[in-house]
Structures are given as structure tokens and as C-alpha cells.
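The residues making up each chain are set out below.
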Amino acid sequence: MEEHNIVLDEDIIVGNHSDIRYGIIADSVIIGERVSVSGDVLARSDIRIDIWSKIGGNVRCGENGYIGEFVKIDGKLFVNGDLDVGNDVKINRGFEAHGWIVVRNPVPVITYIFLYISELLRMGKGEEVERAMSEFFEEEAKEISYGAMVVPNGSRISADSIRVPGTATIGNNCRLVGNIRAESLEMGDATTLYGSIRTASDIEIGENNAIHGNIVSRGRVIVGKGTHILGEINAYSIRIHEDSRVDGVMRATGGTTFIREEEEVAQDRELIKLDVADQQQ
């Protein structure tokens, strides 16, 4: 997250009825129905914007553009390839397209995803479909190998807060700004969050992260090795690695447990056995 934009190396999929108070820069951009994006949208490949969505700035795509009915773009539309545009689309500052321009209703985003999965199945790539389905739709997935950002339906992302209705899953090496509010949260490694975390359920934080705020949960909080929490932790129970650091107070009605390295625990057990053997001799 930069000052005005969300920047991704790969793709972004924004669910229906979401409110994004940033611009978007990604490889390809898929925006659902009735989505509001405050800034510019820039895609290195294709852009798909579904019906009744509103873009507050310019839209640029390196390849093809698909704009659904009743979409409003406050800035200018630049399309390097072909443009499929629906009826009653309003583009306040005009558009440029270097390829074919067809006025018709593009395939809705959900239908496009269905056709994409069908094509993968036809090509015999069942493992890729299974992996994509688990990454996009399985709430209990522990790891995300695909680099896309998936924004659930009805989410809100602004400089102040990141609100999602379900589980927030954050990968590795991310830089995020805003207070996260979610049902539960899973965070990978080497991520920096400039904000706090508040959930109704569990929070799992990986290794070498930096959280510039408080962590509050009615469930468990698990903190991995080398993570730095610059605020407090309030939860039902806390499990934290002994090499992590918390600047504030830790409060847990269900108790706090410190996690140690398995090798160190094994060494300590061996030393205890040796001490017992010496005492017996």
C-alpha cells in the first residue's frame, strides 16, 4: 500500500459492493458489481469492470478492456488492445482504444471465472483448478501460493481501516496501512502492518512481522518467531514465541504460553536426563 495506490505484482479480484478508497495497480484487474474505487486503475494486462461500478480516476490497461453496463469512469479510459463496452457507460474525459471497439454487454465477472475454470478442466489441468478453488474460496486454507489479492464481497479498504466480513488472509512480504477488522486473521511472514488488528475469533501471525498497533481478539492469538508487536495484546489466550517482542502489556484470561524452539527443548531435556543420571550415580 502506497499513499494513494494499492500496488500488486500479480492480479486483483474485487468482490461485489466493495469500497476501495485507493487507486489500483496490478497485472490484471477484475472488479465486480457496484464497486467503488476512488483513484486510478492501472492494469498491465486486462481489465474487467462489472455493471454499476464507479471509478474515481483514470483507467489504463495494457491489453484488452471489458466495461459492463452503467459503469461510470470520472477520468479517461486508455485501452492498448480491444474494448468491449456495455450500454449506458459514462466516461467523463473520453477514451482511447488501439484495437477493436465493440458496443455489447461483456460477460459478467462470475461467468468469466466459470468459463476460465471450465477451460482449465478441458485442458486437463485439474490440479490447478483445485488449487485455485482452495485459494479463492476455502476459508481454512493455511497458505496462499498464488500472488493475487482477493477482496471479499462487501469489503471496505481505506487509509483508516481494512474491513472484511470473514477471514482476512495476508501473505508474505506485504506492506499494509490501516486498522484491520475481520472475523479472524491469518498472516504470513515478513509483513508490516501500520495499524491495529481486531477480530472476533482467532489470530495467527507468522514470523518476522511488524505490527504497529494493538491486537485485540475474543479468541486465541498466536505469534511466531521474530515478530514485533509495538502495542498491546488482549485476547482469551496467547501463544507467543520467546524470540518475539511485545512493547505493551499482554492480557489473556485463558493464560499466556511461550513457545520455544524444538531443538532447544530437546537439548534441555537431554541436559535434564544427564543431571538425573549424575545424581543417581
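- The name given to the protein in an unreviewed UniProt entry is Acyltransferase, and the organism recorded there is Methanohalophilus mahii.

## Concerning the packing of aromatic side chains
Phase 1: Within the structure shown, the criterion is met by one aromatic pair.
Phase 2: Of note, arginine 60 hangs over the ring of phenylalanine 78, and the distance from its end group to the ring centre comes to 3.9 Å.

## Let's talk about the sheet that holds strand β25 (residues 192-194)
Phase 1: The sheet built from five strands is open, its strands ordered β22-β25-β28-β31-β34 with parallel pairing. Two strands lie at the open edges of the sheet, namely β22 (175-177) and β34 (245-246), each paired on one side alone.
Phase 2: In this sheet, strand β31 (residues 228-229) lies alongside strand β28 (residues 210-211) in parallel orientation, the contact comprising two bridges. From the neighbouring strand, isoleucine 211 faces β31, where its bridge partner is isoleucine 229.

## Digging into the pairing of strand β30 (residues 220-223)
Phase 1: As paired strands, strand β27 (residues 203-205) and β30 are joined by three bridges and run parallel to one another. For glutamate 204, the partnering residue across the bridge sits in β30 and is isoleucine 222.
Phase 2: As paired elements, β30 and strand β33 (residues 237-241) share four bridges and run parallel to each other. Looking at β33, one finds that valine 221 is bridged to isoleucine 238.

## Some points on the side chain of serine 237
Phase 1: Position of serine 237 relative to the elements: it lies in strand β33.
Phase 2: Judged by relative accessible area, serine 237 falls into the buried class, the value being 15%.
Phase 3: Dropping the residues within four chain positions of it, serine 237 is found in contact with Gly219, Arg220, Val221, Ala252, Gly254 and Gly255.

## With respect to the sheet that holds strand β17 (residues 101-103)
The strands making up a sheet are joined through hydrogen bonds of the backbone, oriented either antiparallel or parallel.
Phase 1: Taking strand neighbours across the sheet as the criterion, the seven strands line up as β17-β14-β11-β8-β5-β2-β18 in an open arrangement whose pairing is parallel. Among the strands making up the open sheet, the edge pair consists of β17 and β18 (149-151). Recorded for the sheet is a direction-independent mean angle of 5 degrees between the axes of neighbouring strands.
Phase 2: Here strand β5 (residues 29-31) runs beside strand β8 (residues 47-49); their pairing, made up of three bridges, is parallel. Bridge assignment links isoleucine 30 to a residue of β8, and that residue is arginine 48.

## A closer look at a nonpolar patch on the surface
Phase 1: Together, Phe95, Ile101 and Val103 make up an exposed nonpolar region whose accessible area comes to about 290 Å².
Phase 2: Looking at where phenylalanine 95 falls in the secondary structure, it is placed in strand β16 (residues 95-97).

## A short note on unusual backbone geometry
Phase 1: Within the chain, phenylalanine 70 stands out as a residue other than glycine whose phi angle is a positive 65 degrees.
Phase 2: Its relative accessible area of 31% is what places phenylalanine 70 among the partly exposed residues.
Phase 3: Phi is positive for asparagine 208, which is not a glycine, with a value near 60 degrees.
Phase 4: Residue placement: asparagine 208 occurs in the loop between β27 and β28.

Cut-off values and rules
Residues numbered from 1 in each chain as written. Predicted model: local features only at pLDDT ≥ 70, side-chain atom pairs only at ≥ 80, totals over all residues. Heavy atoms only, no water. Phe/Tyr/Trp six-rings, centres within 6.5 Å; stacked < 30°, edge-to-face > 60°. Lys NZ or Arg CZ within 6 Å of the ring centre and 35° of its normal. Pairing = 2+ DSSP bridges. Helix = DSSP H or I, 4+ residues; strand = E, 2+ residues; numbered from the N terminus. Buried < 20%, exposed > 50% of the residue type's maximum accessible area, 1.4 Å probe, protein only. Contact = heavy atoms within 4.5 Å. Axes fitted to C-alpha atoms, helices over the stretch in contact; angles between N-to-C directions. Patch = residues over 30% accessible without salt bridge, like charges linked within 9 Å, V, L, I, M, F, W, Y side chains within 5 Å. Areas by Shrake-Rupley, 256 points an atom, 1.4 Å probe, with all protein chains shown as cover. Salt bridge = Lys/Arg side-chain N within 4 Å of Asp/Glu carboxyl O.

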